[in-house]
Amino acid sequence: MKIHTILFSATGGTRKVVEEIAKGIQESCNCAIYCHDFTLPKGRESIPYTTSADIAVVGTPVYAGRVPNLLLKYLQTLQGNGCMAIPIVTYGNRSFDDALLELHDILKGCNFRPVAAAAFVSQHSFSTTLAAGRPNEADLEKAYGLGREIAEKYISGRYSTLLHNTSVEDLQIPGRNSQERKYYQPKDSCGNPIDIRKVKPKTSENCNACGHCAAICPMGAIDAANPKSVPGICIKCNACIKECSQNAKYFDDPGYLYHKEDLELKYGEKNEAPKIFL
């Protein structure tokens, strides 16, 4: 058996959770971990090879209550070949809405066999205060424990029938069916929809044109020759802002800023525990 970690993690939260679950499995099964990180465009040029004897921990962040739509095309190219899977989503303290069920359904459609699933809180990409420090030590202990429990079920034969049976037990993950799923719609103080899809980061005079932001942009949206230019699609992951050593990147769009502050006000006091489905 091999353990595969398949993940998108622009600012590191999803990666921490996925890797800890994989470590928990590895501790019990004594097998190798193979990482396929598709955060950057180059990672989406190939897919990992899995078999029915393997386990894959597949993680993405939640964007507007769903799996990020710009990742769907890549995710739908995965080939599970009967591999057992653990879909994992991370969300910024508001809600994971339909995202975990959506990722579960995508993996089933790619011939993976989901045997567990989980949603973990991670610091919101927009904010430095919303769910700051998450996933924390307690979260990662839960993730590791989940991996150990999955491994114990595997070793005991609890999951052995999944290797030969096409009827996979329903994990009872909350969420709407595919026809009813909608993206979370932020609104202003008057109840009018806020549309930030075309909003892009600005660059201050602090920029020294080092190009680090372009190198870590998951969409390859930033011009490496001129980092002040963002000709591509921005998904608001904030990797360029949080990783800039010069603090040169920022957002100034009023709708974006209102949405960010509204999220911090409404959900800043929540202390959500991981949601685990076995």
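That block above? That's the structure.
Here the structure is a predicted model, which is why all the values come from computation and not from measurement. (Residues numbered from 1 in each chain as written. Predicted model: local features only at pLDDT ≥ 70, side-chain atom pairs only at ≥ 80, totals over all residues. Heavy atoms only, no water.)

Caption draft 1: Structural view of helix α7 (residues 254-267). The end-to-end C-alpha distance of α7 is 20 Å, a good match for the 20 Å that 14 residues give at a rise of 1.5 Å each. Listed as buried for α7 are Gly-255, Tyr-256, His-259, Asp-262, Leu-263 and Tyr-267. Angularly, the buried residues of α7 cover 130° about the axis, an arc narrow enough to put them on a single face. Exposed side chains of α7 directed beyond 90 degrees from the buried face belong to Pro-254 and Leu-265. A side-chain oxygen of the first residue of α7 lies 3.1 Å from the backbone nitrogen of Gly-255; this N-cap is Asp-253. (Helix = DSSP H or I, 4+ residues; strand = E, 2+ residues; numbered from the N terminus. Expected span 1.5 Å × (residues − 1). Buried < 20%, exposed > 50% of the residue type's maximum accessible area, 1.4 Å probe, protein only. Arc of directions from axis to C-beta. Polar contact = N/O pair within 3.5 Å; in protein donor to acceptor, adjacent residues only side chain to side chain.)

Caption draft 2: Examining the pairing of strand β1 (residues 3-7) more closely. The buried fraction of β1 is high, at five of five residues. Residues Ile-3, Thr-5 and Leu-7 of β1 are buried on one face, and the alternating residues His-4 and Ile-6, pointing to the opposite face, are buried as well. Here β1 runs beside strand β2 (residues 33-37); their pairing, made up of five bridges, is parallel. In the sheet register, Ile-6 faces β2, and the bridge partner there is His-36. (Pairing = 2+ DSSP bridges.)

Caption draft 3: How the structure looks around the nonpolar core. Among the nonpolar cores identified, the biggest contains 36 residues, and Leu-75, Leu-78, Val-89, Leu-100 and Phe-112 are the most heavily contacted of them. If you list the elements that add at least two residues to this core, you get β3 (55-61), α2 (72-75), β4 (84-91), α3 (99-109) and β6 (117-121). Sort the elements by how many residues they give to this core and α3 lands first, with six residues. Sequence-distant contacts of Phe-112, defined by excluding residues within four places in its chain, comprise Thr-50, Ala-56, Leu-78, Gln-79, Gly-80, Cys-83, Ala-85 and Leu-107. Grouped together as the second largest cluster of nonpolar side chains are 23 residues, Ile-3, Met-84, Ile-88 and Ala-116 included. (Core = buried A, V, L, I, M, F, W, Y, C linked by side-chain atoms within 4.5 Å. Contact = heavy atoms within 4.5 Å.)

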